[in-house]
Amino acid sequence: MDNNDREIRLYTVIQGIPAGKVATYGQIASLAGLPGAARLVGKVLSGLPADTQLPWHRVINAAGKISLPQNSDSFAEQKKRLAEEKVLVCGNGIKLSEYQWRP
DNA sequence: GGAATGACTCTTT
DNA sequence: TAAAGAGCCATTC
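Keep in mind the model is a prediction, meaning the values are calculated, not measured.

Cut-off values and rules
Residues numbered from 1 in each chain as written. Chains lettered and ligands numbered in written order. Predicted model: local features only at pLDDT ≥ 70, side-chain atom pairs only at ≥ 80, totals over all residues. Heavy atoms only, no water. Helix = DSSP H or I, 4+ residues; strand = E, 2+ residues; numbered from the N terminus. Contact = heavy atoms within 4.5 Å. Near = heavy atom within 4 Å. Polar contact = N/O pair within 3.5 Å; in protein donor to acceptor, adjacent residues only side chain to side chain. Nonpolar A, V, L, I, M, F, W, Y, C, P; charged D, E, K, R; others polar. Salt bridge = Lys/Arg side-chain N within 4 Å of Asp/Glu carboxyl O. Buried < 20%, exposed > 50% of the residue type's maximum accessible area, 1.4 Å probe, protein only.

Re the environment of leucine 54
Point 1. Here leucine 54 shows up in the loop between helix H3 (38–46) and strand S2 (59–60).
Point 2. Expressed as a C-alpha distance, the spacing of leucine 54 and glutamine 70, which sit 16 residues apart in the sequence, is 21 Å.
Point 3. Excluding its chain neighbours within four sequence positions, the residues that come into contact with leucine 54 are Tyr11, Ile14, Gln15, Leu45 and Leu48.

Here we look at the protein's contact with DNA strand B
Point 1. Around DNA strand B, 16 residues are found, and the nearest of them are Tyr25, Arg39, Trp56, Asn61 and Ala62.
Point 2. Near the protein, meaning within 4 Å, the atoms of DNA strand B are sugar or phosphate in a fraction of 36%, with bases accounting for the rest.
Point 3. In this structure, a base nitrogen belonging to DNA strand B sits 3.3 Å away from a main-chain N or O atom of leucine 45.
Point 4. One of the backbone N or O atoms of alanine 62 is found 2.7 Å from a phosphate oxygen in DNA strand B.
Point 5. Counting residues per element, the surface near DNA strand B draws most heavily on H3, at seven residues.
Point 6. Tallied by class, residues from the surface near DNA strand B come to seven nonpolar, seven polar and two charged.

A closer look at the protein's contact with DNA strand C
Point 1. Around DNA strand C, a shell composed of Arg6, Leu34, Pro35, Gly36, Ala37, Arg39, Leu40, Ala63 and Lys65 is seen.
Point 2. Each atom of DNA strand C within 4 Å of the protein was assigned to sugar, phosphate or base; sugar and phosphate come to 76%.
Point 3. Contacts to DNA strand C include alanine 63, whose backbone N or O atom sits 3.2 Å from a phosphate oxygen.
Point 4. A distance of 2.8 Å separates a phosphate oxygen of DNA strand C from a polar side-chain atom of lysine 65.

Points about the pattern of salt bridges
Point 1. This model, assessed by the stated rule, comprises two salt bridges.
Point 2. Here arginine 58 ties to glutamate 85 by a salt bridge, and the two come within 2.7 Å at their closest N and O atoms. Taken together, the residues arginine 58 in the loop between H3 and S2 and glutamate 85 in the loop between helix H4 (73–84) and helix H5 (96–99) connect sequence positions 27 residues apart. Pair check on accessibility: arginine 58 and glutamate 85 agree, each one buried.
Point 3. Between arginine 81 and glutamate 77 there is a salt bridge, with its nearest N and O atoms 3.4 Å apart. Pair noted here: arginine 81 and glutamate 77 are both in helix H4, with a separation of four residues, about one helical turn.

Take it as geometry only, folks, not as evidence of what the structure does.
In structure tokens:
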């Protein structure tokens, strides 16, 4: 069940992100015990259901921007949710120095 | 077992 | 922060 643990850890770490804060894929991967597996985080998030409880909207890339295509619904959804958490979204990104989660 | 893919990251310019 | 190149992890065919 090790391979399943990876997902569990990723979910746990993502759930640990407090509201109003965001984390990068690399951060989540490292905290989940998978340093360098940033792409895996994206892979897992891509497979999340639309009604998931996971705060995936708090996950962004190292550039502080949303990696989703701007013409996608998920992009608008993430932007909307972030705004709900008082996270200012400039264009397709945010201010990492202000909102990046530091455990 | 090898090649391709992906919501990426790092270092250098 | 932006651009270009190389690297890393796991899944899938």
